[in-house]
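Residues per chain, in single letters:
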Amino acid sequence: MRPYELIKAKRDGKRLEPGDIRAFIEAYTSGDVPDYQMSALCMAVFFRGLDAVELGAWTRAMLESGEVLDLGDVPGVKVDKHSTGGVGDKVSLSLAPLAAACGVPVPMISGRGLGHTGGTLDKLESIPGFKVDLPVSDYRRLVREVGCCLIGQTASVAPADKKLYALRDVTATVDCIPLICSSIMSKKLAEGIDALVLDVKVGSGAFMKTVEDARLLARTMIGVGAEMGRKVTALLTDMNQPLGRAVGNALEVVEAVEMLRGRAPADYTEVTLALTAEMLVLGGRAGSLAEARQKLERAVRDGSAVRKLQEIVEAQGGDPGAIDDYSRLPQARSQVDVLATEEGFVTGIQTEAVGLAAVALGAGRQRVDSRIDPAVGFTLLRKVGEPVKKGDPLVRIHYNDPAPVEDVRARLLAAYSCGPRAPEPQPLILERLG
Ligand code: URA
């Protein structure tokens, strides 16, 4: 089928042949199919979906668009974690060193910010010197020697997803179950893992707004993983407010390091420990989740987790001193607080709006080629359920360029709702699937 016919077939709700899907993705990767035709196909998939056979073919074509790494020479069960994306989601930054400190080798290929969500690579790159574009030979060596390596998609690993991820980000085709599933699973299966833990975010700051959609996405990814011979466990976790209090790249690095020192907000700490415990069990380093939790808490207490992060930063060309001295991270020149206009309790935070406000401030990209400012972002001074008086600061905006600040302030104020009573606390971990 010619690209035009394939797009038209999906637009009209027809089933695509695996061979046609593969040919289209191969041609897109090599540049023979232009971005505008891939955008049109993604939009057709957004509305029409993919069935299990189509999804298997799409994922496999993306996986095989590049090199499928073999880490067979690295001892141990290699386990990674992937999040479907959220706001303030800096879990990978603390989870990877924690798991590695407890003996699980973590090969991690991460993404950049997407839509309103932040990306691990952007956060890591706010550490001066940190390199995420290491050659595959270094990646393999660091997983073996340091126990962890965090890189971006190289031109050779899942290149179809690398291109498509950036395209979907700017064509409103991100929040689509088959496209998310194939994106995540293709790059995760390419990185040489034996098992995978998925953090499927649910709520106003997630691509999946309902538990039903999140469960469907989790089951879809578990199914694709099983078809390819990998063990996959998924936790559905709350994203009805940003995780922790920091939103923005360097600010999130600081909060992640604080987590490894046992000083981070409880919600972020809990989600990180729950996901990392799953990794320890899958990786054979703990016989139960309870035992895994004990090991993780010990790694925080005895400093081995934070030392592992320093080791990773140094091995990847970054400044390990920035982990002890946060002033070596990018700092915004100015701060201004968003003040509450009502009295009572915070009853909700429109989390996607907070993510989009962060993008507007420069913490994320508005176009494929935008440069981000690693220093800017927010500190949430009030979260859901906390009391607030008129004039109290809700959010601190850290900025360099004053131009977007008034718009960002208005967005943040509109994102907060207050009421006379504190809402019932909601569970952070909604479900476990595996
Ligand atoms: N994370 C990914 O890696 N891909 C998506 O499509 C969405 C979240």
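Because the structure is a prediction, the values reported are computed rather than measured.

### Section: the pairing of strand β8 (residues 344–349)
Okay, so step 1: Bridge count for β8 against strand β10 (residues 387–388) is two bridges, and the pairing is antiparallel. Bridge pairing in β10 places Gly344 opposite Val388.
Okay, so step 2: Direction of pairing for β8 relative to strand β12 (residues 416–419): antiparallel, over a ladder of four bridges. Bridge assignment links Val346 to a residue of β12, and that residue is Cys418.

### Section: unusual backbone geometry
Okay, so step 1: Even without being glycine, Ala158 reaches a positive phi, approximately 45°.
Okay, so step 2: Locating Ala158 in the fold gives a position in the loop between β3 (148–152) and α8 (159–169).
Okay, so step 3: Here Ala172, not a glycine, exhibits a phi torsion of approximately 55°, which is positive.
Okay, so step 4: The topology assignment puts Ala172 in the loop between α8 and α9 (177–190).

### Side note on the site of the ligand
Okay, so step 1: Around the ligand, a shell composed of His82, Thr84, Leu114, Tyr165, Arg168, Ile180, Ser183, Ile184 and Lys187 is seen.
Okay, so step 2: Residue Arg168 places a side-chain N or O atom 2.8 Å away from an oxygen atom belonging to the ligand.
Okay, so step 3: Take Ser183: an N or O atom from its side chain is 2.6 Å from a nitrogen atom of the ligand.
Okay, so step 4: Expressed as a share of its isolated accessible area of 240 Å², the protein-covered part of the ligand is 98%.
Okay, so step 5: Contributions of two or more residues to the shell around the ligand are made by α8 and α9.
Okay, so step 6: For the shell around the ligand, the element with the highest residue contribution is α9, accounting for four residues.

### Remarks on helix α12 (residues 266–282)
Okay, so step 1: For α12, which comprises 17 residues, the first-to-last C-alpha distance of 24 Å matches the rise-based estimate of 24 Å (1.5 Å per residue) to within 8%.
Okay, so step 2: Taken across its 17 residues, α12 has 14 buried, putting it largely inside the fold.
Okay, so step 3: A positive backbone phi angle near 75° is found at Gly284, which sits one or two residues after α12.

### With respect to the pattern of salt bridges
Okay, so step 1: Considering all chains together, one arrives at 36 salt bridges under this definition.
Okay, so step 2: Its salt-bridge partner being Asp73, residue Arg144 comes within 3.1 Å of it at the nearest N-O pair. Within this pair, whereas Arg144 is found in helix α7 (residues 136–145), its partner Asp73 is found in the loop between α4 (52–63) and β1 (79–83), the two being separated by 71 residues in sequence.
Okay, so step 3: Given a relative accessible area of 44%, Asp73 falls into the partly exposed group.

### Structural notes on the domain arrangement of the chain
Okay, so step 1: Here the domain parsing of the chain yields domain 1 (3–49), domain 2 (79–326) and domain 3 (330–419).
Okay, so step 2: Distance from the C-alpha centre of domain 1 to the C-alpha centre of domain 2: 30 Å.
Okay, so step 3: On the side of domain 2, 13 residues touch domain 1, which itself brings 12 residues to the contact.
Okay, so step 4: The contact between domain 1 and domain 2 buries some 1000 Å² in all, and 78% of this surface belongs to carbon and sulfur atoms.
Okay, so step 5: It is Tyr28, Cys42 and Phe46 in domain 1 that bury the most area against domain 2; as a group they hold 46% of the surface buried on that side.
Okay, so step 6: Inspection of the region where domain 1 meets domain 2 yields zero salt bridges.
Okay, so step 7: Here domain 1 and domain 2 share one residue pair in polar contact (both at pLDDT 80 or more) between them.

Rules used in this analysis
Residues numbered from 1 in each chain as written. Predicted model: local features only at pLDDT ≥ 70, side-chain atom pairs only at ≥ 80, totals over all residues. Heavy atoms only, no water. Pairing = 2+ DSSP bridges. Helix = DSSP H or I, 4+ residues; strand = E, 2+ residues; numbered from the N terminus. Near = heavy atom within 4 Å. Polar contact = N/O pair within 3.5 Å; in protein donor to acceptor, adjacent residues only side chain to side chain. Areas by Shrake-Rupley, 256 points an atom, 1.4 Å probe, with all protein chains shown as cover. Expected span 1.5 Å × (residues − 1). Buried < 20%, exposed > 50% of the residue type's maximum accessible area, 1.4 Å probe, protein only. Salt bridge = Lys/Arg side-chain N within 4 Å of Asp/Glu carboxyl O. Domains from an automatic or database assignment. Contact = heavy atoms within 4.5 Å. Buried area = accessible area lost by both parts, 1.4 Å probe.

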